[in-house]
Amino acid sequence: MKKHRLVIAALLGVVLLAAITALASAKPAKKSASGNINIVGVWTGDEEKSFNAVLDGFRKANPGIKVTYKSTGDNTPTVLATAVAGGKPPDLASVSQPGLVNDFQKKGALKNIDYARGTLSANYPPDIAKIGVVKGHVYGLLIKGANKSTVWYNVSSFKNAGVKAPATFPAFVKAAGTLKASGTPAFSVGGADGWTLTDLFENIYLRQAGPAKYDALSHHTIKWTDGSVVKALQTMATLLQSSNIAGGTSGALQTDFPTSVSNVFTKSPKAAMVVEGDFVPGVVASKNALKPVSGYNVFPFPAIGNTKNYVEGGGDELMAFKDTPAIRSLVKYLATGKAQTIWAKRGGYTAPARTVPASVYPDAITRTTASAVGKAKVFRFDLSDLQPASFGGTVGQGEFKLFQDFLKNPSNAKGIAKQLESAAAKAYKAGK
Amino acid sequence: MEPPVVAAPPSGEPGVLRRNAVALGFLLPAAILLTVMVLYPTIYTIIRSFFGKDAHEGFLPSGQFAGIDNYKSLFTTNILVTAIKNSAIWILVAPALVTAIGLVFAVLTERIRWAVAFKAIVFMPMAISLFATGVIWHVMYIKDPSQGAVNAAIGAVKSWVSTPGALSSASPSTPALTGSPQSGYVLQKPVSAGSTTLLGLTAIPPTDVPSGAKQVATLQPKAGAITGVVWRDFKPGGGVIGKPEQGELGLPGVHVKLIDSSGKTVQRATTGDDGSFTFDKVGSGSFKPGIAASTFAAPFGGVSWLGSRLITPAVIIAYIWVWAGFAMVVIGAGLAAISREVLEAARTDGATEWQVFRRVTVPMLAPVLSVVFITMLINVLKVFDIVISIAPGSTQSDAAVIAVQMWRQSFGGVNDFGLGSAIAVFLFLLVIPVLLLNVRRFRREV
């Protein structure tokens, strides 16, 4: 009995002590609340470390402000939705879904960051500075860019066929033909994942129809049956001939994205090129038999007409749920080339700021893919990411399914455009 | 507080009341749990199915009342109709096949020597989660025979029957040669004795060029003969198409044929190391040289198990692979309980084994068979994970069943809880008859 009492007493003591320390640690925090910033975001692992390194630069310059970053990974949208519904949002949050910025803005949960406009125009290409603008105010700030206008190729396949990285679309089509004649199909297509096909379409559409039409299509103010869409689909069909693709179209429809990459990144390639974003080498990182530059390499998606330095991309945006002087200075800091250079040097990062010099990237491949974003003449966000999820982001329906149907039968551009339009109209109607 | 009365109360009105109170006390926790976790969500789902995508979720949904719109789109949206059709296929095929195969296994294992080992092996898949099963079968079903086990097996059998040609990927380099890999390629313009012909092929990987290939021959016309070359019409950069050039290789060992104006093959030849061939003494008239189809016989490309046409049968096969063991064990237990004397009596009376099986074993097993069948029926209605994990993205909508679409429309990207609820209610209605059947059986057994 006595022993038990002792144990209970000890336990009570521990609890009491814990409570006291908790109180003690909570108190000073409360006092300097204006100097506290908490951020939640999608970056985990190495990205989390790198972001903290960026924050360290800020901490050093502002010792009075305590900045904490908590990673919520893929759960970020859920975490934020719950936190906002519960009335306790974080100060800042980074997300990879551009739609969330609009959603939270609509709910009135966001504070605008117009105060960073000056910093943005001094550091960002104009198109990227515009990305997070909703109704004339800046609500989202692209912090980490992604370049989806890249084509990856197997260097020895190119050498065997005697072709060089093409800069224009006609040269691209011609190179594909030469590669086919050399016995290696030109493209490996991850058709089992519909988004690889929408990315290809968006790259063509942005260059062929131009940014104005691209914007109109992304807001559904022009229809998918528009002549420009049909034309882009037909252009896409010239690339997607069955004999140009490893395994033919039926094989491509069962090839997932990682397999489509490893088809090219191997010593006996099944295809010479894979068209996808800057994340491609990461897919085969652990089992990549080829060395960068000498084994595999990259070139920007070829220009159609006068469209050099057009980039279709994506990235992670920062949004602010509160507005304090401390938050203002941190947001401004994160938008500078100086801050982003810290991350760029550590690798695995594409800076949206044009003031980050290409030379700071750790290797030749990243220099090509990442600096293209900073010097983009035209930059547009991935179109399917801007659509209602039932149309632009759900496996087995909407864009994903219809582009897979198109891959199955590339001669049916008009029919697919019609189906795209009816699916889009339905999704937009349901979304309102 | 008064101590509770444990002993049976004397008969009379207050006793009955108290007994009811005790019964209620015992039922209450379960009743509360059922209400909170089953009854309320069910009612909520039914009400939710009449509201639109953006209705406000509260204790009860409000705003954006949609009437029966969700049910309308359930039966008019293509992919949802496909899901309903697929579910119908599943219900018709899967439970019956699982029960039948289980029955066959159970009866057979009674008669073989290594029954325990056999049973263990057939039952083994039950130990794997359905999702993992799906992943395994997805890999086995891959179309490329060098990756998918199923197609590799089919390919191995096929390769005994026919061997692939040396240049299976090749195609003509110029439109002058027409035909198909199945029929071979023939030069369109007829030639006569003394002329030369160029049969260029392209799309041949360097690794497929036969060993011993030399620089393509320079052709010399020969009197009374038709000469020509078959060569790899490609050099780095492409070269000039249709013209044998320095650096391009002849293709040795290619079977060429000469067809006369009536379409009959009059001569055959095989190309040399430099790709050259000669048809001597061809006489007068015009001829068409061509390349025989055997050169292009393609290796087995694989059955498209994961393609839109075969995906549902493919998933059902994997499902049967898992559940046949379960059916076998349950039916086997039922079989063991049948009295041997009845079977012996039937045999003594002169019944054949088939008659014993058909007229005695199966009727006596009927209760067990119906348990298995109904269990599988309920199981099949809610089948979900194996479909998601086997079907690749491009055929997800071709493979989807009702439960899959219920999830996809509510959580899998669309986030339309109205439509999702409507699908859930529809599924619920489908399950009710089976449930009633099951409850009735329980009653009978009690």
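What you are looking at is a predicted structure, and each value in this text was computed from that prediction instead of being measured. (Residues numbered from 1 in each chain as written. Chains lettered and ligands numbered in written order. Predicted model: local features only at pLDDT ≥ 70, side-chain atom pairs only at ≥ 80, totals over all residues.)

When you go through chain A residue by residue, the secondary structure sums to 20 helices and ten strands. For chain A, whose C-alpha radius of gyration is 25 Å, the value lies close to the compact-globule estimate of 22 Å for 432 residues. C-alpha extents for chain A along the principal axes are approximately 85 × 55 × 45 Å. For chain A, the residues scored as buried account for 49% of the 432 residues in total. In chain A, the share of contacts with a sequence separation of at least 24, taken over all contacts with a separation of at least 6, comes to 74%. (Helix = DSSP H or I, 4+ residues; strand = E, 2+ residues; numbered from the N terminus. Rg over C-alpha atoms; globule rule 2.2 N^0.38 Å. Buried ≥ 20, exposed ≤ 12 C-beta atoms within 10 Å, placed from the backbone. Contact = placed C-beta atoms within 7 Å.)

Of the residues in chain B, 96% reach a pLDDT of 70 or more, and the chain-wide mean stands at 88. Interface confidence for the predicted complex, expressed as ipTM, amounts to 0.80; the pTM equals 0.83. (pLDDT = per-residue confidence, 0-100.)

In low-pLDDT regions, the fine details of the predicted coordinates are not to be read closely. Looking at chain A as a whole, the pLDDT averages 89, with 92% of positions reaching at least 70. When the criterion is pLDDT under 50, residues 16-33 of chain A qualifies, and its contacts beyond four places in sequence or with other chains add up to one contact.

Before going further, it helps to examine the packing of helix α3 (residues 78-109) of chain B against helix α7 (residues 311-337) of chain B. Residue and element names in this part refer to chain B. Here α3 crosses α7 at 40 degrees, and the two axes come no closer than 6 Å. Between α3 and α7, the angle falls in the class oblique. As α3 runs across α7, the sense of the crossing is right-handed. The residue makeup of the contact of α3 with α7, split by class, is 20 nonpolar, six polar and no charged. (Axes fitted to C-alpha atoms, helices over the stretch in contact; angles between N-to-C directions. Parallel < 35°, antiparallel > 145°, perpendicular 65-115°, else oblique. Left-handed = near helix turned anticlockwise from the far one by under 90°. Nonpolar A, V, L, I, M, F, W, Y, C, P; charged D, E, K, R; others polar.)

The interface is formed by 31 residues belonging to chain B together with 30 residues belonging to chain A. Partitioning the side of chain B that touches chain A into residue classes produces twelve nonpolar, 13 polar and six charged.

Here we come to the domain arrangement of chain A. All names here are of chain A. Under the domain assignment, chain A is made up of domain 1 (34-146 + 314-381) and domain 2 (150-311 + 383-431). The C-alpha-based centres of domain 1 and domain 2 are spaced at 28 Å. The interface is formed by 18 residues belonging to domain 1 together with 17 residues belonging to domain 2. Of all the secondary structure elements, the ones that give two or more residues to the side of domain 1 that touches domain 2 are α17 (364-374) and β10 (378-381). It is α17 that contributes the most residues to the side of domain 1 that touches domain 2, six residues altogether. Counted by class, the side of domain 1 that touches domain 2 contains ten nonpolar, four polar and four charged residues. (Domains from an automatic or database assignment.)

A few words on the pairing of strand β6 (residues 150-154) of chain A. Residue and element names in this part refer to chain A. Most of β6 is tucked away: five of the five residues are buried. Here β6 pairs with strand β8 (residues 296-300) via five bridges, running antiparallel. Residue W152 lies in a different strand from β8, and its bridge partner there is V298. The pairing of β6 with strand β7 (residues 273-275) spans three bridges and is classified as antiparallel. By the bridge assignment for β7, W152 is matched with V274. (Pairing = 2+ DSSP bridges.)

Right, let's get into the sheet that holds β6 of chain A. Residues and elements named next belong to chain A. Here we have three strands laid out as an open sheet, ordered β7-β6-β8, and antiparallel in their pairing. Edge positions in the sheet fall to β7 and β8, since each has one partner strand and no second. Averaged over all neighbouring strand pairs, the angle between strand axes comes to 25 degrees, with direction disregarded.

You'll often see interface size given as the accessible area lost when the parts meet. For chain B, the domain assignment lists domain 1 (69-152 + 305-445) and domain 2 (171-296). Computed from C-alpha coordinates alone, the two centres of domain 1 of chain B and domain 2 of chain B are separated by 56 Å.

All names here are of chain B. Spatially, the five strands line up as an open sheet ordered β2-β3-β9-β6-β7, and their pairing is antiparallel. The sheet terminates laterally at β2 (177-180) and β7 (265-270), the two strands that pair on one side only. Averaged over neighbouring strand pairs, the angle between their axes works out to 25 degrees when direction is ignored. As judged from the five bridges shared by strand β6 (residues 255-260) and strand β9 (residues 287-291), these two strands associate in the antiparallel manner. Across the sheet, residue I259 finds its bridge partner in β9, namely K288.

Below, the discussion takes up the packing of α3 of chain B against helix α9 (residues 353-381) of chain B. Residue and element names in this part refer to chain B. Packing of α3 against α9 brings their axes to within 9 Å, and their N-to-C directions diverge by 135 degrees. With respect to their mutual orientation, α3 and α9 come out oblique. Pair α3 / α9 crosses with right-handed handedness. The segment α3 lies against α9, with W90, I91, A94, P95, V98, T99, G102, L103 and V107 engaging F357, L369, V372, F373, M376, L377, V380 and L381. Partitioning the contact of α3 with α9 into residue classes produces 15 nonpolar, two polar and no charged.

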